Amino acid sequence: MPEPKMNLRKGAKVWVEDKSLAWVAAEITDLKGKQVQVQTVSAKTVLVLPEKLFPRDADEEEEHGGVDDMTKLTYLNEPGVLYNLERRYALNDIYTYTGSILIAVNPFTKLPHLYNVHMMEQYKGAPFGELSPHVFAVADVSYRAMMNEGRSQSILVSGESGAGKTETTKLIMQYLTFVGGRAAGDDRTVEQQVLESNPLLEAFGNARTVRNDNSSRFGKFVEIQFDANGRISGAAIRTYLLERSRVVQITDPERNYHCFYQLCASGKDAAKYKLAHPSHFHYLNQSRTYELEGVSSAEEYMKTRRAMDIVGISHEDQEAIFCTLAAILHLGNIEFSPGREHDSSVIKDQKSTFHMQMAADLFRCDVNLLLATLSTRTIQTREGSIVKALDCNAAVASRDALAKTVYARLFDWLVDKINMSVGQDPNSHIQIGVLDIYGFECFKHNSFEQFCINFANEKLQQHFNEHVFKMEQDEYRKEEINWSYIEFIDNQDVLDLIEKKPIGIIALLDEACMFPKSTHETFSTKLFQNFRGHSRLERAKFSETDFTVSHYAGKVTYQTDTFLEKNRDYVVVEHCNLLASSKCPFVAGLFPSPPEESSRSSYKFSSVATRFKQQLQALMETLNSTEPHYIRCVKPNSLNRPHKFENLSILHQLRCGGVLEAVRISLAGYPTRRTYSEFVDRFGLLAPEFMDTSYDEKALTEKILRKLNLENFQLGRTKVFLRAGQIGVLDSRRAEVLDTAAKRVQRRLRTYIAHRNFISARVAAIQLQAYCRGCLVRKMFAARREAAAAVCLQKYVRRWLFRCAYLKVLSAAVILQSNICGFSTRQKFLHRKKHRAAALIQARWRLCRFRSAFHHYKKSIIAIQCHWRQKLAKRELRRLKQEANEAGALRLAKNKLEKQLEDLTWRLHLEKRMRVSTEETKSVEISKLQKALESLNLELDATKLATISECNKNAVLQNQLELSIKEKSALEKELTVLAEMRKENVLLKSSLDTLEKKNSALEHELKKALKDASDTIEKLRELEQKNTELQQNMQSLEEKLSHLEDENHVLRQKALTPSPKSNRANLTKSFSNKYGGTVNLHQSDRKTAYLKNPDC
Ligand SMILES: Nc1ncnc2c1ncn2[C@@H]1O[C@H](COP(=O)(O)OP(=O)(O)OP(=O)(O)O)[C@@H](O)[C@H]1O
Ligand SMILES: [Mg+2]
């Protein structure tokens, strides 16, 4: 869009380019050499070249609602258009005019208030432009034009997918049936049928795509015919380029045509056709999206049925339609596996056989013929026909081709049926055509479909340009001004490149399709050969086969790899024969028998592109014979969300929709038009000297323009026509004049206001000061009185507080003292008690120790004595023996020995008794000591408990002390006492430790005493053992003595016989008297001793 020269001055409002927002509002802050410094609304400072700036009307900022016609914008430029749309969209004003073109921004939310009957009544007959922009206004203007001029009209609705074309078309039809309908009542009036044709066609021709949940997969031109009274008398629907490939192939998250899902959800009907959930069918389960948000397929099915009823499709035909749809679904589930022969195929499994049987039953044709049709191909030769088996892939392709053909024919049949049922009025000469056709498309990968769509858009663009150009010319003619300035940009060269014969892209494509050996490479090569150096066609950068076309809306690169395949619309003769043989009249009717043609192949080629071109040609002829009206639908964001305005995408759509081209055409001529009164109103202040003299606004306008040295403007009958940029110059001059005037007014006003303010401020200040002083003095007096009262109060309160504190401290001190005295007395008592107990233990222990040592020495002495005496006895015995040997001496010795033995035994007995008594006393002493120890332990525990309780009391006292410190510093003295107490406590603790140590030492000594006692017992045992040994010796001595007695007896007897016999007998007698009794008595005593002490 060429932008006229701008008047650059500081503070001027401009638009500046922005990467993310396309354009942002800014203000010139400085001029730096060739560059301009601007500050954006987001306070960003940017340096730009002046030619990159667009002027912005400062008044726009005040007009928050935006203007309803873009041509009313002071500066008609790209950012102005965009910003205006954005402001209006934010207020849910989705419609805006650009001249006679209506721009409709999709609200993506229900706006019922915009489309109710009341609204329709408002727009009915209202002059165009009087009410705010609306689709009803466009529909009404076309209806009025048709009725007034008797000329057919057309409304062309375009825009990208999801922009709202179909919805807008429906609204137009709704409005037309409102203004051109008969009284409501009958359900099957023509207008009702026209309206109901929409849901029906949508069920079969719409599907979910990534861009739109209800995307029309065909173009549509609805012609509504009217009679001379302006009543709808007939209608006809023309459709364009249905997307056939969707029937057999879909991608996630898209869906197949709605009708399939509706049929699957139809309950009884689905069961009748052995249909289940869509996930069971290959043609539907390629994508996992089966449901649409907020749409019930079952309810939609009922609506479709109802629409069929209203449109006039009989029940038999309805049954047949759904039978055919079900058959297509079953057909898609037929799978093939390689056959026995090379390149042949057979049905894969039972499931496939079932689906094939179902498809054949639903098509009402022979199942074997269906199988043969899918898995073989007949080739006609001169010699006759040859049947060729198809491999698995070819069989699947044949199956899919059959499904696509059947669906396409079903769709065409439906359109024909609607046309037939609604009927056309042969007497009607006026009609309104509504075109709902896909807008310009440019994706990352563009294929044959995009090529056809963009071709259609080029055609429509040419029509649009011509129309806008013509409208401009009309305007100039009406105003009787010279219009040779308008430059018309023609896109005929692109159209020639595409459609011209014999050499155009379509012609070359058809040629390539007709040669079996052609590939997309050969097609591309030929294309580049033929159009070398063409300004609109170039080779793609990174591919040999892709080509780029420079369309009116931008360059689009097309990938040619599927061009040939998609352009070939084969009709397989076998398929036609199969379905023509169907017993179902509906199916057979879809495939009328083909004309007898001698063809070698069973494929009949027809070019999709050529057919489309012819359809477009017919459409253009229709449009040319009508008065066109344009509605450009705009999709505000790619997320289909309300209130989201994506500037870049919208600019692209405006460019593609030709809106910016219309603006350009407008700019090429005299884009700014103002009525003379408007002009004088706005710019009269630039030449105040002329204002009072003349009432001729035209002359005044000229004078003003001449004064400003502007040229090339045109003065029409009612309006002044300005060249682009002239309004900018006028505006900036106006702004300057207003600026200076405003400054002067402000200056005067400020002086006046300042003076007035000063006087009133001075009076007010004096009053204020007097009042303030009074207030201050009053406040001071009150404060002083309060202070005196407070001092008095404080005196009493302090006295009371000190007294309370003193009494508290006094009672605390008394309690503390009593507690401390009690504690120290208890401690002293306990100490004394412990001391006495320790002395007692020590006395007892010493007694015990000395006693046991005494007993020990005594026992050792006795043992030594025994030992010594035994030794002496033995020596005596030995001597006696010698004496016995010497006869007389022996007995004496024996007696002596016996006496000694008796002594020894007596002593032993005595010692035993002593030992027993010693042991008894010892055990008594030990038990006494243990009891003393226990009592000491108990005392110790009690002492510990007392200490703990004292500690607790200490803590309590400490707390009290702390409290006392806070309350009164006098308590510090008591703290020192407490510190002493603590010291005492420490001392007590240390004495307790020493006591514990003493206790442990006593325990140790006790253990030692016990050990000594056990040693003594051990020694006693040893003594006992020695005693027994001694007894044994005694026994042996007794035995020896008895021997000695025997011998003595013998010796006595011998002595009796000779003379000295008497002496010997006396000796023996005296010996026995002396020793015999002792020994015997001794033996008996010993026995009793043994009995008395069995342990021995
Ligand atoms: N005027 C409107 N008010 C409310 N919602 C709207 C309006 N126009 C469009 N929509 C919403 O936008 C969606 C898409 O609109 P529509 O189907 O008319 O797009 P389209 O341009 O026909 O797309 P396609 O080219 O894919 O067929 C609708 O389903 C609807 O939700
Ligand atoms: Mg649509």
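Looking at an unreviewed UniProt entry, one finds the protein chain named Myosin-15, with Herrania umbratica as its source organism. The UniProt entry for the protein chain carries the following comment under Sequence similarities (unreviewed entry): "Belongs to the TRAFAC class myosin-kinesin ATPase superfamily. Myosin family. Plant myosin class XI subfamily."

J.: An account of the overall build of the protein chain is needed here, citing residue identities and associated values.
T.: Along the protein chain, the regular secondary structure elements total 29 helices and 26 strands. Projected onto its principal axes, the C-alpha positions of the protein chain cover 205 × 125 × 65 Å. Counting the 1096 residues in the protein chain, one finds 46% classified as buried. Within the protein chain, contacts between residues separated by at least 24 positions form 68% of all contacts whose residues are at least 6 apart in sequence.

J.: Please give an account of the state of the cysteines that cites residues and values.
T.: Per the counting criterion, the structure on display carries zero disulfides. No disulfide involves Cys576; its sulfur sits 13 Å from that of Cys365, the nearest cysteine. Assessed through its relative accessible area of 6%, Cys576 is described here as buried.

J.: A description of the coordination of the magnesium ion (ligand 2) should follow, citing residues and the corresponding values.
T.: Within the protein, the magnesium ion (ligand 2) binds to Thr166 (OG1) and Ser216 (OG); these donor distances fall in the range 1.9 to 2.1 Å. Of the two residues, Thr166 sits in helix H4 (residues 165–180) while Ser216 sits in strand S10 (residues 215–216), which places them 50 residues apart along the sequence.

J.: Let's hear about the pattern of salt bridges: which residues, and what values?
T.: For side chains bearing opposite charge, pairing can occur when the charged atoms are close. For the structure on display, the rule yields 37 salt bridges. Linking Arg915 and Glu1024 is a salt bridge whose minimum nitrogen-to-oxygen distance equals 2.2 Å. Taken together, the residues Arg915 in helix H27 (residues 888–967) and Glu1024 in helix H28 (residues 972–1056) connect sequence positions 109 residues apart. Here the salt bridges share partners, and the residues they tie into one network are Arg217, Glu243, Arg246 and Glu254.

J.: Before we move on, could you go through the environment of Thr353 and cite the residues and values that matter?
T.: Topologically, Thr353 is positioned in helix H10 (residues 350–363). At 2.7 Å, the side chain of Thr353 and the backbone oxygen of Asp349 are in polar contact.

J.: Talk me through helix H14 (residues 492–499); I want residue IDs and the actual numbers.
T.: A turn of α-helix holds 3.6 residues, and therefore any two residues three or four places apart point the same way. If you check which residues of H14 are buried, you get Val494, Leu495, Leu497, Ile498 and Glu499. One side of H14 carries all its buried residues, which in axial view fall inside an arc of 165 degrees. Where the residues of H14 are buried, they touch helix H13 (448–478), helix H15 (505–514), strand S18 (537–539), strand S19 (547–551) and helix H20 (608–624).

J.: So what about the site of ligand 1? Which residues, and what values?
T.: In the vicinity of ligand 1 there are 17 residues, among which Ser161, Lys165, Thr166, Ser215 and Ser216 approach most closely. Glu167 places a main-chain nitrogen or oxygen 2.9 Å from an oxygen atom of ligand 1. At 2.5 Å from an oxygen atom of ligand 1 is found a side-chain nitrogen or oxygen belonging to Ser215. When ligand 1 sits alone it has 630 Å² of accessible area, and the protein chains cover 86% of it. Looking at the shell around ligand 1, the elements with two or more residues in it are H4 and S10. For the shell around ligand 1, the element with the highest residue contribution is H4, accounting for three residues. Per-class residue counts for the shell around ligand 1 are four nonpolar, ten polar and three charged.

J.: Before we move on, could you go through the packing of aromatic side chains and cite the residues and values that matter?
T.: For any pair of aromatic rings, the description consists of the separation of the ring centres together with the inter-plane angle of the planes. Counted by the stated rule, this structure contains 23 aromatic pairs. An aromatic cluster is built from Phe448, Phe451, Phe523, Phe547, Tyr558 and Phe563, whose rings are joined through pairwise contacts. In this structure, Arg632 packs its charged tip against the face of Phe464, placed 4.7 Å from the ring centre.

J.: Give me the side chain of Thr610: which residues, what numbers.
T.: When you line up the elements, Thr610 lands in helix H20. Dropping the residues within four chain positions of it, Thr610 is found in contact with Ile506 and Asp510.

How each quantity is defined
Residues numbered from 1 in each chain as written. Chains lettered and ligands numbered in written order. Predicted model: local features only at pLDDT ≥ 70, side-chain atom pairs only at ≥ 80, totals over all residues. Heavy atoms only, no water. UniProt positions renumbered as here; feature names shortened; annotations may be inferred. Helix = DSSP H or I, 4+ residues; strand = E, 2+ residues; numbered from the N terminus. Buried < 20%, exposed > 50% of the residue type's maximum accessible area, 1.4 Å probe, protein only. Contact = heavy atoms within 4.5 Å. Disulfide = S-S within 2.5 Å. Donors = N, O, S within 2.8 Å, 3.2 Å for Na, K, Ca; no water. Salt bridge = Lys/Arg side-chain N within 4 Å of Asp/Glu carboxyl O. Polar contact = N/O pair within 3.5 Å; in protein donor to acceptor, adjacent residues only side chain to side chain. Arc of directions from axis to C-beta. Near = heavy atom within 4 Å. Areas by Shrake-Rupley, 256 points an atom, 1.4 Å probe, with all protein chains shown as cover. Nonpolar A, V, L, I, M, F, W, Y, C, P; charged D, E, K, R; others polar. Phe/Tyr/Trp six-rings, centres within 6.5 Å; stacked < 30°, edge-to-face > 60°. Lys NZ or Arg CZ within 6 Å of the ring centre and 35° of its normal.

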